[in-house]
Amino acid sequence: QIPKDPAQRRVRELAALSKRLQQVHPNVLAKVLKQGTVYRNEEIVVINKPYGIPVHGGPGVKNCIADVLPILAKMLENMKAEPLHLCHRLDKETTGLMVLARSKEVAERIRLLFKTRQVEKIYWAISLGDPDPAEGIVEIPIVEKEVRSHQSHYKMTLAPNYRLSPEDGKVVKIRKNRNAESAVTRYRLLASSSACSLLELQPITGVKHQIRVHLAYGLGCPILGDHKYSHWSKLAPQKLPEITLKRLKLEQSKARHLPLHLHAHRLSLPLGERIDLVCKPPLFFQKTLKQLELDVAKD
């Protein structure tokens, strides 16, 4: 049955779309990626990664970006093109700019640029709540931990090097967690309304789920639709404020269908000359911005 409510309909369509992209013939996925090509030259192809498609295969994954790179290369060039190569990764639910290299050598070069932090990446995210202060840097190491609860699962979490002393409230350095990776994210508030914010984020480091963890646990502003990092000890749908539900025309019981609103918006790549690219957020993201009345001042 088709829900009457437009937001629920949209959410259901999205879930169906990402499921369909999972089940389509690899050629169809390659075609979707080809249509979403943002930039290409003789060394690289930059695509706009769709929602819900994993970059790598795994159990239960029928389609992933890595698998269709040979087909995409042939569609873009000619039948003799060698497969494209991955240079970095985005989470399955993240959309936006993704760089593919036309040769192994270029891929190595770009991976090194990412590793040595020479690629400038700017993300947009819609978060719950407003960060305080409105702009700043979150610099808290991140570690993967097992959460023991009625369904045990693994999550990335913060492993701070400091804590407040209970006696006098002073900041005390504590022993570093050996497995923690240092993680740094700059953030800036672009707009806020309906108990949500549009944030511009620049991850300086590249730790798994870094932006999601820093926003949720560092700033207390989880990303809209991030059901994994909205609670610590349980796997449960995100709890949304009344006003947000109202604007999105959504019931709390349907919140679990809300997609993650995290988008790789801009990329600056020093390849000979600097290549600066921008990619608009997907339609569902734009629609949420409208519904929540998050108006972005034009850059």
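Residues numbered from 1 in each chain as written. Predicted model: local features only at pLDDT ≥ 70, side-chain atom pairs only at ≥ 80, totals over all residues. Heavy atoms only, no water.

S.K.: Now, about the packing of helix H2 (residues 26–35) against helix H3 (residues 65–76): what can you tell me, with residues and values included?
M.R.: Packing of H2 against H3 brings their axes to within 8 Å, and their N-to-C directions diverge by 65°. The angle between the axes of H2 and H3 places the two elements in the roughly perpendicular class. Classified by chirality, the crossing of H3 by H2 is right-handed. Contacts from Pro26, Asn27, Leu29, Ala30, Lys31, Leu33 and Lys34 of H2 reach H3 at Ile65, Val68, Ile71, Leu72, Met75 and Leu76. Across the contact of H2 with H3, the residue classes tally to 10 nonpolar, one polar and two charged. (Axes fitted to C-alpha atoms, helices over the stretch in contact; angles between N-to-C directions. Helix = DSSP H or I, 4+ residues; strand = E, 2+ residues; numbered from the N terminus. Parallel < 35°, antiparallel > 145°, perpendicular 65-115°, else oblique. Left-handed = near helix turned anticlockwise from the far one by under 90°. Contact = heavy atoms within 4.5 Å. Nonpolar A, V, L, I, M, F, W, Y, C, P; charged D, E, K, R; others polar.)

S.K.: Describe the side chain of Ser103, and please don't skip the residues or the numbers.
M.R.: Tracing the sequence through the fold places Ser103 in the loop between strand S4 (95–101) and helix H4 (104–115). Apart from residues lying up to four places away in sequence, Ser103 is in contact with Glu82 and His85.

S.K.: Summarise the layout of surface pockets; cite the residues concerned and give the values.
M.R.: In this model, the largest pocket occupies a volume close to 800 Å³. Contributing to the lining of the largest pocket are 31 residues, with Arg89, Lys121, Thr205, Gly206 and Val207 lying nearest its centre. If one sorts the elements of the lining of the largest pocket by residue count, H4 sits on top with four residues. Partitioning the lining of the largest pocket into residue classes produces 12 nonpolar, nine polar and 10 charged. (1 Å grid on protein atoms, 1.4 Å probe; cavity = no way out; pocket = protein on both sides within 12 Å on 5 of 7 lines; lining within 4 Å. Points joined across faces, edges and corners; volume = space filled by probe spheres on them.)

S.K.: So what's going on with the nonpolar core? Which residues, and what values?
M.R.: In terms of nonpolar packing, the biggest core is built from 65 residues, with Ile126 and Leu201 touching the most fellow members. Top contributing element to this core by residue count: H3, with six residues. The residues contacting Leu201, other than those within four sequence positions of it, are Lys121, Ile122, Tyr123, Ala125, Thr185, Arg186, Tyr187, Ile211, Leu215 and Leu262. Val99, Ala101, Phe114 and Ile275 belong to the second largest nonpolar core, which has 18 residues in total. (Core = buried A, V, L, I, M, F, W, Y, C linked by side-chain atoms within 4.5 Å. Buried < 20%, exposed > 50% of the residue type's maximum accessible area, 1.4 Å probe, protein only.)

S.K.: Requested: an account of the pairing of strand S14 (residues 273–278), with residues and values cited.
M.R.: With six bridges connecting them, strand S13 (residues 262–271) and S14 associate as antiparallel partners. Within the sheet, the bridge partner assigned to Leu267 lies in S14 and is Leu277. (Pairing = 2+ DSSP bridges.)

S.K.: Tell me about H2, and please be specific about residues and values.
M.R.: Every buried residue belonging to H2 is among Leu29, Ala30 and Leu33, and all of these are buried. Looking straight down H2, one finds that the buried residues subtend no more than 100° of arc, so they occupy a single side. (Arc of directions from axis to C-beta.)

S.K.: Just give me the short version of the packing of aromatic side chains, but keep the residues and values in it.
M.R.: If you walk through the whole model with that rule in mind, you get two aromatic pairs. With centroids separated by 6.0 Å and ring planes inclined at 75°, the aromatic side chains of Tyr217 and Tyr229 adopt a geometry described as edge-to-face. Note that Tyr217 is positioned in helix H5 (residues 210–218) and Tyr229 in the loop between H5 and helix H6 (242–248), a separation of 12 residues in sequence. Judged by relative accessible area, which is 23%, Tyr217 ranks as partly exposed. (Phe/Tyr/Trp six-rings, centres within 6.5 Å; stacked < 30°, edge-to-face > 60°.)

S.K.: Can you break down the pattern of salt bridges residue by residue, with the values?
M.R.: Considering all chains together, one arrives at 11 salt bridges under this definition. Arg109 is the salt-bridge partner of Glu43, the closest N and O atoms lying 3.4 Å from each other. Of the two residues, Glu43 sits in the loop between strand S1 (37–40) and strand S2 (44–49) while Arg109 sits in helix H4, which places them 66 residues apart along the sequence. Note on Glu43: relative accessible area 22%, which makes it partly exposed. Looking at Arg109, the relative accessible area reads 41%, which means it is partly exposed. Here Asp226 ties to Arg212 by a salt bridge, and the two come within 2.9 Å at their closest N and O atoms. Of the two residues, Asp226 sits in the loop between H5 and H6 while Arg212 sits in helix H5, which places them 14 residues apart along the sequence. Owing to a relative accessible area of 6%, Arg212 belongs among the buried residues under this scheme. (Salt bridge = Lys/Arg side-chain N within 4 Å of Asp/Glu carboxyl O.)

S.K.: Describe the environment of Leu215, with residues and values.
M.R.: Within the fold, Leu215 resides in helix H5. Sequence-wise, Leu215 and Pro131 are 84 residues apart; in three dimensions their C-alpha atoms are separated by 8.4 Å. Beyond its immediate chain neighbours, meaning those up to four positions away, Leu215 contacts Ala125, Leu199, Leu201, Gly220, Cys221, Pro222 and Ile223.

S.K.: Pulling in residues and values, what's your account of H5?
M.R.: Burial of H5 is extensive: seven of the nine residues sit out of reach of the surface. Those residues of H5 lying buried are Gln210, Ile211, Arg212, Val213, His214, Leu215 and Ala216. Count one or two residues on from H5 and you reach Gly220, which has phi positive near 70°.

S.K.: Got a sec to walk through unusual backbone geometry? Specific residues and values, please.
M.R.: Of the consecutive residues Asp132 and Pro133, the connecting peptide bond is found in the cis state with omega at 0°. Position of Pro133 among the secondary structure elements: in the loop between strand S5 (120–128) and strand S6 (135–139). Despite not being glycine, Ser194 has its phi angle at roughly 55°, a positive value. Even without a glycine there, the phi angle at His209 is positive, about 60°.

Everything listed here is a matter of coordinates, which is why it stays silent on function.
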